[in-house]
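Residue strings, one per chain:
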Amino acid sequence: MKRIYSLRLRLTLIILVPLLFVAGATGLWQLNNARVTAGDVFDRSLQSAALAVTNDVALSGGDALAPNTRKILSDTSGGPVFYHVYAPDGVIVAGYATPPVGIPLAGDGDLNPVYFNAEYLGRDVRGFRMRTRMQVDGFSGIFTTTVWQDVAIRETFVEDLMLRSLITISSIITSLALIVWFGIRIGLHPLNDLQQAIDLRSGAVLKPIQRPVPVEVEGIVRTLNRLLGQVSEAMATQSEFISNAAHQLRNPIAGVLALAESVRSAPSDADMRERADDLVDAAKETSHLAQKLLTYERTKSISPTSAKENFSINDLLVGIVDSFRRKNADTVAVDLRIPEEDVSVTGDRTMIREAVSNLIDNALKHGGSQLSEITVSLEAVSATTTIVVQDNGKGLTDAQIQTALQRFGQVSERSDGSGLGLPIAERVAERHGGGLKLHAGQPGLEARFTIAR
C-alpha cells in the first residue's frame, strides 16, 4: 500500500490554513484600524493642545503658559508639540517664531478650524490651526493659534501597536497549532484501536468488529463488517462446494474406475465393447454431474455487474425450445407460446438459458410415462417477466415439491438426475430479483420462473 499523506498532518493543515488566512486578514484590518485610530487620537490631542494654548494666552497675554499646558505640549501621545500664536496684525504673541511650510491660508473672517500636513525644518508634520476672536493686552480681533507635531511619532505609535498585535496573534496561532497537533493525535486514538481490532482478524477469524468506534468511522466499520461477512460467506460457500463435489462425485468416479477395470479384464471383444459402452455412459453422467455442480456454484457469482446485458427473451426461448424439439421430436411435443411483441430483459443471458433449460429437462426426466406435451409460455408485465413451463406428466405433491427444490434433493430413489436442476433455476431467479414457484397441475407440474425486467 502506497502511503500518500498523514491524516494527522492533513487535519492540522485543514484547520490551521484557514486560521492563518483569518489571522492575516485580521492583521491587515488591525493595521488599517490602528492607523485610523492613531490619526484620530493624535488629531484630538492637537486640538486639545491648541485650546489650552489659546486659553493661556488669553489669560496671561502671552507671557506664560500654565504648567498643565506645558506638560501637554512637552509630551502629547509620545512626543513634543510645537506652537505659535499670532495677533490680528500678524505679530507673534507666543510660541516658536518659525512656522511650518504649507499651512493653508485663511480668509479674513474664516473661523473654521483646519487640520493640515506640512513640513517643519525638513520633517513631515501634522498640524491644527484654529482662529479665535478675543482681546489680549488691549488688542482685539482674530487671533490664530497653530500647533504641530512630527508625523514620525504617529508612525512609531502605529508600529508599536502593530508589533504588540502581531505578537499576540502569533502567540495565539502557535498555541492553537500545538493544541490542534496534539489534540488530533489524541482524537485519532480510536483509529489505532480499530487497527488493532482489524489485525486480530485472519483467514480463520472473520467475525464482525463490535467494539465502539467514533461516529465518523461508523460507515467504514459497517462497510468493513459487510465485507468480512461476504468473505466469510464466500469461504463457507467454497468449503461447502468442495465438500458437496467430493461427496457427489466420489461414487460416480468410483463407478467409472470400476467399469474401466472391467473393460480391461473383459474375456472377449463383445464383452469389452459392451462394458466400454457402459463406461462411456457412466463418464457422461459424471461429466453432467460435474457440470451441474459448477453451474450451481456459478449462480452465486451473479451480481448487478454481470447481469447488465439487455437481450430479447423471445429469441432466447425460441432457441431453447428448438433445441429440445430436435432432441425429443418423436417422444414429447414441446410447444412455445410467446407474445408477438418483443420482450427485452436485462440479466445474465447464459444463466437464464441454463435455468430455463433445466426446467424443461426436469419435466422430461421426471414427467413419467404419461408425459406427452410440454408448454413453454411467456408472461410480461411492467416490472417482471415470467417464463412458465407446464407439462402433463405425473406431477409432484407439495411435499415432493419441497424436496425437489432442495440441493441434491431426489423425489425418487430411481431418479437419474443430479438434484441440482431446480435449485440452479431457483437461485438464478433470485439473483435476478425474482423467484421460482412450483405448482401441482391437473395433471402435471407448472414451474413459474420470474425475473425482474
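So, here is what we can say about the structure in this document. (Residues numbered from 1 in each chain as written. Predicted model: local features only at pLDDT ≥ 70, side-chain atom pairs only at ≥ 80, totals over all residues. Heavy atoms only, no water.)

Focus: the pairing of strand β7 (residues 333–337)
Next up, step 1: Only one face of β7 is covered, namely the face carrying Val334 and Leu336; the face carrying Ala333, Asp335 and Arg337 is uncovered.
Next up, step 2: Relative to strand β9 (residues 373–380), β7 runs parallel, the two being bridged by 5 bridges. Note on β9: the bridge partner recorded for Arg337 is Ser377. (Buried < 20%, exposed > 50% of the residue type's maximum accessible area, 1.4 Å probe, protein only. Helix = DSSP H or I, 4+ residues; strand = E, 2+ residues; numbered from the N terminus. Pairing = 2+ DSSP bridges.)

Comments concerning the sheet that holds strand β11 (residues 435–440)
Next up, step 1: Here we have 5 strands laid out as an open sheet, ordered β7-β9-β10-β12-β11, and mixed in their pairing. In the strand order of this sheet, the two ends are held by β7 and β11, each with one partner. This sheet shows a mean twist of 15° between the axes of neighbouring strands, independent of strand direction.
Next up, step 2: Bridge count for strand β10 (residues 384–391) against strand β12 (residues 445–452) is 7 bridges, and the pairing is antiparallel. Note that in β12 the partner of Thr386 across the bridge is Thr450.
Next up, step 3: With respect to the sheet, helix α7 (residues 313–328) is in contact with β7, β9 and β10, its orientation differing from that of β7 by roughly 170°.
Next up, step 4: Of the strands in this sheet, β11 and β12 touch helix α10 (residues 421–431), which is tilted by about 135° from β11. (Axes fitted to C-alpha atoms, helices over the stretch in contact; angles between N-to-C directions. Contact = heavy atoms within 4.5 Å.)

Considerations on the packing of aromatic side chains
Next up, step 1: One pass over the full model with this rule turns up 7 aromatic pairs.
Next up, step 2: Relative to Phe157, the ring of Phe42 has its centre 5.7 Å away and its plane inclined at 70°; by these criteria the two rings are edge-to-face. With a gap of 115 residues between them, Phe42 in helix α1 (residues 7–60) and Phe157 in helix α3 (residues 151–187) connect regions that are remote in the sequence.
Next up, step 3: Here Phe42 falls in the buried class, since its relative accessible area comes to 0%. (Phe/Tyr/Trp six-rings, centres within 6.5 Å; stacked < 30°, edge-to-face > 60°.)

Structural notes on the sheet that holds strand β4 (residues 123–136)
Next up, step 1: As summarised here, the arrangement of the 5 strands in space is β2-β1-β5-β4-β3, forming an open sheet in which the pairing is antiparallel. Single-partner strands in this sheet number two, and they are β2 (92–95) and β3 (114–120). The average undirected angle you get between the axes of adjacent strands in this sheet is 25°.
Next up, step 2: Relative to β2, strand β1 (residues 82–86) runs antiparallel, the two being bridged by 3 bridges. Opposite Val85, over in β2, you have Ala94 as the bridge partner.
Next up, step 3: The sheet contacts of α3 involve β4 and β5 (139–150), and relative to β5 the element is tilted by about 45°.

Brief notes about the pairing of β3
Here is the key point about a regular strand: its side chains alternate between the two faces of the sheet.
Next up, step 1: For β3 and β4, the ladder comprises 7 bridges, and the chain directions are antiparallel. Note that in β4 the partner of Ala118 across the bridge is Val125.
Next up, step 2: Hairpin connection between β3 and β4: a loop of 2 residues separates the two successive antiparallel strands, and Leu121 in this loop has a positive phi of roughly 55°.

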